[in-house]
Amino acid sequence: MTSEFAVAVHGLVYLNQRQITTSSEELASNVCTNPARVRKVMAKLKKAGIIATKEGLEGGYHLIGDPDTINLKQICDALDVAFVSSSWKSGDENNPCMVASGMSGVMDEIYGELNDLCRDRMEQITIKDIHEKLIRNRLII
């Protein structure tokens, strides 16, 4: 998983809290990152139909969906998030040893199953859920 996911979720919860069109600069300030990074992430969310943009002096981003129906799986899909992956694989498919030749395939299956489990769980969590959790924890003023 990349930090883009955290930027996206934070940004969407903030947009839900604000209920107004919000600039990338304001979002970046709240997320504690730079506006270019926010714009990159928000472009993917816009393409997925989760947010919309407004041009001009009063421009920025706003939610177009109901925060009660926008779930974390939709965000994962928009950002092409992989929860579990490996950039390196052990063994060699051409090795005559059963373990060496089969391990990378078995591990890929396990990673795939874990990703499916994570996506299933993410589908159960909405932007509204996170917002309400923050309210319960008295973190939103």
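Scroll up to find the structure.
Here the residue numbers are simple positions, counted from 1 along each chain's written sequence. Only residues with pLDDT of at least 70 get local features here, since the model is predicted, and only at 80 or more are side-chain atom pairs given and counted; chain-wide, interface and lining totals rely on the full set of residues. To obtain the side-chain values, all non-hydrogen atoms of the structure were used and water was disregarded.

**Q** Looking at this structure, I do not really get the side chain of S104. What am I missing?
**A** A run of H or I in DSSP counts as a helix once it spans at least four residues, and a run of E counts as a strand once it spans at least two, with each numbered from the N terminus. Along the chain, S104 falls in helix 5 (residues 98-122). Relative accessibility under 20% of the residue-type maximum defines a buried residue, over 50% an exposed one, and the middle range a partly exposed one, all with a 1.4 Å probe and only protein chains included. Relative accessible area serves as the criterion here: at 11%, S104 is assigned to the buried category. The contact criterion used is simple: two residues touch if any of their non-hydrogen atoms lie within 4.5 Å. Those residues within four positions of S104 in sequence are excluded, and the remaining contacts are K89, S90 and E93.

**Q** Sorry if this is basic, but what is going on with the packing of helix 1 (residues 3-18) against helix 4 (residues 72-79) here?
**A** Packed helix pairs are specified by the crossing angle of their axes together with the interaxial distance, meaning the distance between the axes. Where helices are involved, their axes are fitted lines through C-alpha atoms of the stretch in contact, as for all axes, and angles between N-to-C directions lie from 0 to 180°. Relative orientation of the contacting elements helix 1 and helix 4 amounts to 130°, with a least axis distance of 10 Å. Considered as vectors, helix 1 and helix 4 are oriented oblique to each other. In this structure, helix 1 meets helix 4 at a crossing whose hand is right-handed. On helix 4, the residues touching E4, F5, A8, V9 and L12 of helix 1 are L72, I75, C76 and L79. Note on terminology: angles under 35 degrees are roughly parallel, angles over 145 are roughly antiparallel, angles of 65 to 115 are roughly perpendicular, and the others are oblique. Left-handed is the label given to a crossing in which the near helix is rotated counterclockwise from the far helix by less than a right angle, and right-handed is the label when the rotation is clockwise.

**Q** Got a minute to help me understand a negative patch on the surface in this structure?
**A** A cluster of acidic residues, E109, E113, D116, D120 and E123, forms a negative patch on the protein surface. When its relative accessible area of 47% is taken as the criterion, D116 is described as partly exposed. Within the patch definition used here, like charges are joined within 9 Å and nonpolar side chains (Val, Leu, Ile, Met, Phe, Trp, Tyr) within 5 Å, considering only residues with over 30% relative accessible area and no salt bridge. We get accessible surface area from the Shrake-Rupley algorithm with a probe of 1.4 Å; when it comes to residues, only the shown protein chains can shield them. Salt bridges are defined by distance alone: a side-chain nitrogen of Lys or Arg within 4 Å of a carboxyl oxygen of Asp or Glu. Note that His is not counted, nor are the chain ends; the positive residues are Lys and Arg, and the negative ones are Asp and Glu. To locate a charge, take NZ of a lysine, CZ of an arginine, CG of an aspartate or CD of a glutamate.

**Q** It is not clear to me how the layout of surface pockets should be interpreted in this structure. Could you clarify?
**A** Over the atoms rolls a probe the size of a water molecule, and its path tells where empty space is left. Roughly 160 Å³ of internal volume is contained in the second largest pocket. Cavities and pockets are defined on a 1 Å grid built over the protein atoms alone: a cavity is a set of grid points where a 1.4 Å probe fits but cannot escape, while a pocket is an open set with protein on both sides within 12 Å along at least five of seven lines, and lining residues are those with an atom within 4 Å of any such point. Taken together, S23, S24, E25, R39, T53, K54, E55, L57, G59, G60 and Y61 make up the lining of the second largest pocket. Counting only elements with at least two residues in the lining of the second largest pocket, the list comes to helix 2 (24-31), strand 1 (51-54) and strand 2 (60-63). Of the residues belonging to the lining of the second largest pocket, the class tally is two nonpolar, five polar and four charged. Grid points are joined across faces, edges and corners, and a volume is the space filled by probe spheres set on the points. All residues other than Ala, Val, Leu, Ile, Met, Phe, Trp, Tyr, Cys, Pro, Asp, Glu, Lys and Arg, Gly among them, are scored as polar; the first ten of these are nonpolar and the last four charged.

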